[in-house]
Amino acid sequence: DAISTANHVIEMAPRLAEYIASREMGRTKEQSALDAARVTTNFAAGGNVTKVLNRNGFTFLNATVQGLNQQVRNVREAKAKGRDY
């Protein structure tokens, strides 16, 4: 139980910090929650193929796909706001 509790605290701390920072920037509760969810990798997320490959030798493939997806999302959002990267 102690390890599970510690794991939960370690996972939630950066999300809480991001949520607070987003709210202080004036973002809505919904946008702040989305920002907080994007801070850490959700290993439960992912498609069926990625999960099967991840369990069968492609260690951390799910996290890699999520990281790449986040980078693409960041670039798209930046371009939508008129920024060039």
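Just so it is clear, the structure is predicted and the values come from calculations on it, not from any experiment. (Residues numbered from 1 in each chain as written. Predicted model: local features only at pLDDT ≥ 70, side-chain atom pairs only at ≥ 80, totals over all residues. Heavy atoms only, no water.)

Novice: Is there a simple way to explain the packing of helix α3 (residues 48-55) against helix α4 (residues 61-80) in this structure?
Specialist: For any two helices packed against each other, one specifies the crossing angle of their axes together with the interaxial distance. Here α3 crosses α4 at 140°, and the two axes come no closer than 8 Å. Between α3 and α4, the angle falls in the class oblique. Residues T50, L53 and N54 of α3 touch α4, and the partners they reach there are L61, N62 and V65. Across the contact of α3 with α4, the residue classes break down as three nonpolar, three polar and no charged. (Axes fitted to C-alpha atoms, helices over the stretch in contact; angles between N-to-C directions. Helix = DSSP H or I, 4+ residues; strand = E, 2+ residues; numbered from the N terminus. Parallel < 35°, antiparallel > 145°, perpendicular 65-115°, else oblique. Contact = heavy atoms within 4.5 Å. Nonpolar A, V, L, I, M, F, W, Y, C, P; charged D, E, K, R; others polar.)

Novice: Teacher, can you tell me more about the environment of A44 here?
Specialist: Tracing the backbone through its elements, the reader meets A44 in the loop between α2 (29-37) and α3. By relative accessible area, A44 is classed as exposed at 55%. (Buried < 20%, exposed > 50% of the residue type's maximum accessible area, 1.4 Å probe, protein only.)

Novice: How do you make sense of the layout of surface pockets when you look at a structure like this?
Specialist: Rolled over the atoms, a probe sized like a water molecule indicates the empty space that remains. Considering only enclosed or pocket space, the largest pocket measures out at about 320 Å³ in volume. Contributing to the lining of the largest pocket are 16 residues, with A37, R38, T40, Q66 and Q70 lying nearest its centre. Only α2 and α4 provide two or more residues apiece to the lining of the largest pocket. Top contributing element to the lining of the largest pocket by residue count: α4, with six residues. Within the lining of the largest pocket, the residues separate by chemical class into five nonpolar, eight polar and three charged. Reported here for the second largest pocket is a volume of approximately 230 Å³. Along the walls of the second largest pocket sit 13 residues, with R27, Q31, D35, R38 and E77 positioned nearest its centre. In terms of residue class, the lining of the second largest pocket is built from three nonpolar, four polar and six charged. (1 Å grid on protein atoms, 1.4 Å probe; cavity = no way out; pocket = protein on both sides within 12 Å on 5 of 7 lines; lining within 4 Å. Points joined across faces, edges and corners; volume = space filled by probe spheres on them.)

In short, shape yes, function no, at least from these values alone.
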